[in-house]
Amino acid sequence: GNAEASLVPPEWHGWLHHQSDVVPQDNNPYRQRWQKPHQANMTGTDAAYLPDGHTLRGGNRAESTSDYQSWQPPK
């Protein structure tokens, strides 16, 4: 398939980088039922995450609530 690093599941990362000689198995004891399945990096594609206010989504950001106060050094 595609030569894309983000397609490599975490279990295989250590083996590919010679951190382990043990080939990962399908029944990996470190994988838990509550963990989400591996998701490829979608940056640069139409499926990329674009937050509200992003220039590619119209660039309309929400109004500031003025609850931010910048840090001022002590005098």
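That block above? That's the structure.
Let us look at the structure shown here.

Reading the values: rules and limits
- Per-chain numbering applies: the sequence of each chain, read as written, is numbered from 1 onward.
- For a predicted model such as this one, the threshold for reporting local features is a pLDDT of at least 70, and the threshold for listing and counting side-chain atom pairs is 80 or more; totals across whole chains, interfaces and linings nevertheless cover every residue.
- Remark: hydrogens and water are excluded; side-chain values derive from all non-hydrogen atoms of the structure.
- Numbering of helices and strands runs from the N terminus, with a helix taken as a DSSP run of H or I at least four residues long and a strand as a DSSP run of E at least two residues long.
- Restricting the calculation to C-alpha atoms gives the radius of gyration, and the globule rule supplies 2.2 Å times the number of residues raised to the power 0.38.
- Each residue is assigned to one of three classes by its accessible area relative to the maximum for its type, calculated with a 1.4 Å probe on protein chains only: buried under 20%, partly exposed between the two thresholds, exposed over 50%.
- In summary, the charge assignment counts Lys and Arg as positive and Asp and Glu as negative, without counting His or the chain termini.
- Every charge is mapped onto a representative atom, which is NZ of Lys, CZ of Arg, CG of Asp or CD of Glu.
- Here a Phe, Tyr or Trp ring, Trp counted by its six-membered ring, pairs with any other such ring whose centre lies within 6.5 Å, and the pair is stacked when the planes are under 30 degrees apart, edge-to-face when over 60, and tilted otherwise.

Comments concerning the overall build of the protein chain
Along its length, the protein chain carries one helix and zero strands. The C-alpha atoms of the protein chain give a radius of gyration of 21 Å, which is well past the 11 Å a tight globule of 75 residues would have. The C-alpha extent of the protein chain, read off along each of the three principal axes, is 55 × 40 × 25 Å. Every one of the 75 residues in the protein chain was classed for burial, and the buried ones make up 7%. Placing the 6 positive and 8 negative side-chain charges of the protein chain at their respective mean positions leaves the two points 9 Å apart.

With respect to the packing of aromatic side chains
Here the structure, examined in full by the defined rule, presents one aromatic pair. Centre to centre, the rings of Trp12 and Trp15 are 5.3 Å apart; their planes meet at 90 degrees, and the pair counts as edge-to-face. One end of the pair, Trp12, and the other, Trp15, are both in helix α1 (residues 10-16), three residues apart, so they sit about a helical turn from each other. With a relative accessible area of 32%, Trp15 lands in the partly exposed category.

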